[in-house]
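Close look at the chain arrangement
The lines below spell out each chain.
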Amino acid sequence: MLSFKKILEPQYFQSFHCIAGDCEDSCCIGWDVVIDQATYDAYQKCQDALLKPLFCEHILINDKSVGDSEYVPYAIVKMNHYICPFLTDERLCTIQKTLNEEALSITCETYPRAFNNVDGVLERSLYISCPEAARLILLNTKPMQFNNCESGAEVRNSQIPIVNTKYDAHNKPYRYFGEIRAFIISLLQDRTYPLWQRLIILSFFCSRLEQVTAEYYEEDIPYLISYFTEKIRTGEYREPMINAGTDLEMQLQAMKFLIDYRLQGEFISDQFLNCINEFMQGLCFSEGASLDIAVMKYAEAYSAYYQPFMQKHEYILENYLVNYVYKNLFPLGPQESTFYEQRSMYTEYTVLVLHYSMIRTLLIGMAGYHRDEFSAKHVIKLIQTFAKAIEHNLPYLKQAVQFISASDMNNIAGATILVKN
């Protein structure tokens, strides 16, 4: 158990409550359910007549386990066709119903809550793969705000990601983590720029930041933040971004490849498949269909349905990006992590842009399908099911980044192709 005296969290966090059986999705379907060692040991001692045989049959020690780690879990639940065997017909947890919430594993008790440890401050947020969390995060029309409090909290999980700004590790400028992230969130919430332009400016910033060597951190990083802040204020990036070319064919082709590749993988929810089918139909994609026709439909759907909607609701995607940056310790990531692969800052940016670009591309196709009926509920459904199918899928994201690199799009020019319509 870890104890924290200080907490930082988005304002939405305190409003979250699991709606259990009323939820349109289930966190017990489609994922591996991992069990920490302490919970596994407690289950082995359980004498409940209903649960004891279920524990023996369905909870297995992980052969690859090297200790009590979330990345390599101590034990796993043997699923029944991707459904947790402890899930009742009412989509409630038998363990919690029979015993209590404290009997749940760390993963089951805390999801969709996410935790980071930054200089001893507990940073709390929510995973957007939960429908109720998605609504709380995405539908607030005002820029996301954060609360500091000193009420204290305890967390069972001892493996949460850590950032210690008192020293640099892995040649990354962690000393300036707070200033860097604050600048990025401020940029993403600057509504004087359309969101795609904010992402291009972020590409410039991450590229420049990665070029700073360790011996110049103290001088160059504050200068970079000040330099970009002034350039954003004066609007010097606007004209070059507006004049940059677009390549809808390459954009759509790249995103379609990545979507098709995910369809070849393991479990995908019916809700996400429905979104993909709407995307395909909205762009007249079918076996052997001409890419030229799909690109034409893509441009039409963007202009006629997607863009008019997003002019009034772009805050939804802004909130998605800000929550992602905060939750994932972007762009530096955690230190000394056992369950996050250390990646370069620009690679972290590439992953962020991949999320945004795939979501945006799917939404354009869905807008072409729903036409004048396209609404926020379609956006929420897509983002939530997308997060469940892709954002949590680290092996897939690794392959996606390799594809972008092989396509020579892991640079500012490539980012522009991916985000500009």
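Structure first, text after, so check above.
Source: prediction; values computed, not measured.

1. A closer look at the overall build of the chain
Within the chain, the regular secondary structure consists of 17 helices and 10 strands. For the chain, whose C-alpha radius of gyration is 22 Å, the value lies close to the compact-globule estimate of 22 Å for 421 residues. Seen through its principal axes, the chain has C-alpha atoms that stretch 70 × 55 × 40 Å. Counting all 421 residues of the chain, 51% fall into the buried class. For the chain, long-range pairs separated by at least 24 residues make up 77% of all intrachain contacts whose partners lie at least 6 apart in sequence. Accessible surface, the chain as shown: approximately 19800 Å² in total, 50% of it carbon and sulfur. Here the chain contributes 36 positively and 51 negatively charged side chains, and the mean placements of these two sets differ by 3 Å.

2. Some details on the sheet that holds strand β10 (residues 162-163)
Either a parallel or an antiparallel arrangement is found when strands of a sheet pair, and the pairing is made through backbone hydrogen bonds. Here we have 5 strands laid out as an open sheet, ordered β8-β2-β7-β6-β10, and mixed in their pairing. Only two strands of the sheet have a single partner each, and these edge strands are β8 (146-149) and β10. In terms of strand pairing, strand β2 (residues 6-10) meets β8 through 4 bridges, oriented antiparallel. Pairing of E9 across the sheet is with N147, part of β8.

3. Digging into the packing of aromatic side chains
Counted by the stated rule, this structure contains 22 aromatic pairs. Each ring, one from Y261 and one from Y396, has its centre 5.9 Å from the other, and the planes form 25°; the classification is stacked. In this pair, Y261 is assigned in helix α10 (residues 248-263) and Y396 in helix α16 (residues 394-406), connecting sequence segments 135 residues apart. Given a relative accessible area of 4%, Y396 falls into the buried group. With 5.2 Å between their ring centres and 45° between their planes, Y346 and Y349 make a pair best called tilted. With a gap of 3 residues between them, Y346 and Y349 both fall in helix α14 (residues 345-370), about one helical turn apart. The exposure class assigned to Y346 is buried, which follows from its relative accessible area of 9%. The ring of Y193 carries R238 above its face, with NZ or CZ at 3.7 Å from the centroid.

4. A word on the pattern of salt bridges
All chains considered together, the criterion is met by 14 salt bridges. Among the salt bridges present, the one from R124 reaches E9, with a minimum N-O distance of 2.8 Å. Taken together, the positions of R124 in strand β7 (residues 121-126) and E9 in strand β2 put the pair 115 residues apart, joining distant regions of the chain. For the pair shown, R124 and E9 are each scored as buried. Here E391 ties to K327 by a salt bridge, and the two come within 3.1 Å at their closest N and O atoms. With E391 in helix α15 (residues 376-391) and K327 in helix α13 (residues 315-327), this pair connects stretches of sequence that are 64 residues apart. With relative accessibility at 10%, the residue E391 sits in the buried group. With a relative accessible area of 7%, K327 lands in the buried category.

5. What about the environment of Y227?
Inspection of the secondary structure assignment puts Y227 in helix α8 (residues 217-234). Take Y227: its relative accessible area is 27%, and that puts it in the partly exposed class. Separated by 22 residues in sequence, Y227 and F205 have C-alpha atoms that sit 9.9 Å apart. Setting aside anything within four residues of it in sequence, one finds Y227 in contact with R208 and Y237.

6. Quick notes on the nonpolar core
In this structure, L202, F205, L363, L382 and I383 are the most contacted members of the largest nonpolar core, which totals 110 residues. Core analysis: the second largest hydrophobic core is formed by 19 residues, Y40, Y74, I95 and L104 among them.

7. Digging into the packing of helix α6 (residues 177-188) against α8
In contact at an axis separation of 11 Å, α6 and α8 are set at 10° when each is read in the N-to-C sense. In this view, α6 runs roughly parallel relative to α8, as classed from their interaxial angle. Of the residues in α8, those in contact with E179, I180, F183 and L187 of α6 are I221, I225, F228, T229 and I232. Looking at side-chain class alone, the contact of α6 with α8 contains 7 nonpolar, 1 polar and 1 charged residues.

8. Observations concerning the packing of helix α5 (residues 131-138) against α15
Any two packed helices are characterised by how steeply their axes cross, that is the angle between the axes, and by the distance between the axes. Taken N-terminus to C-terminus, the directions of α5 and α15 make an angle of 120°; their axes are 10 Å apart at the nearest point. As far as their axial angle goes, α15 and α5 are oblique. In the packing of α5 onto α15, the handedness of the crossing is right-handed. Facing P131, A134, R135 and L138 of α5, the residues of α15 in contact are I380, I383 and Q384.

9. Quick notes on helix α2 (residues 51-58)
By the burial criterion, the buried members of α2 are L51, F55 and H58. Across the axial projection of α2, the buried residues extend over an arc of 95°, all falling on one side. Where α2 is buried, its residues meet α1 (37-45), β4 (59-61), β5 (75-77) and α3 (94-98).

Scoring rules and cut-offs
- Residues numbered from 1 in each chain as written.
- Predicted model: local features only at pLDDT ≥ 70, side-chain atom pairs only at ≥ 80, totals over all residues.
- Heavy atoms only, no water.
- Helix = DSSP H or I, 4+ residues; strand = E, 2+ residues; numbered from the N terminus.
- Rg over C-alpha atoms; globule rule 2.2 N^0.38 Å.
- Buried < 20%, exposed > 50% of the residue type's maximum accessible area, 1.4 Å probe, protein only.
- Contact = heavy atoms within 4.5 Å.
- Areas by Shrake-Rupley, 256 points an atom, 1.4 Å probe, with all protein chains shown as cover.
- Lys, Arg positive; Asp, Glu negative; His and termini not counted.
- Charge placed at Lys NZ, Arg CZ, Asp CG, Glu CD.
- Pairing = 2+ DSSP bridges.
- Phe/Tyr/Trp six-rings, centres within 6.5 Å; stacked < 30°, edge-to-face > 60°.
- Lys NZ or Arg CZ within 6 Å of the ring centre and 35° of its normal.
- Salt bridge = Lys/Arg side-chain N within 4 Å of Asp/Glu carboxyl O.
- Core = buried A, V, L, I, M, F, W, Y, C linked by side-chain atoms within 4.5 Å.
- Axes fitted to C-alpha atoms, helices over the stretch in contact; angles between N-to-C directions.
- Parallel < 35°, antiparallel > 145°, perpendicular 65-115°, else oblique.
- Nonpolar A, V, L, I, M, F, W, Y, C, P; charged D, E, K, R; others polar.
- Left-handed = near helix turned anticlockwise from the far one by under 90°.
- Arc of directions from axis to C-beta.

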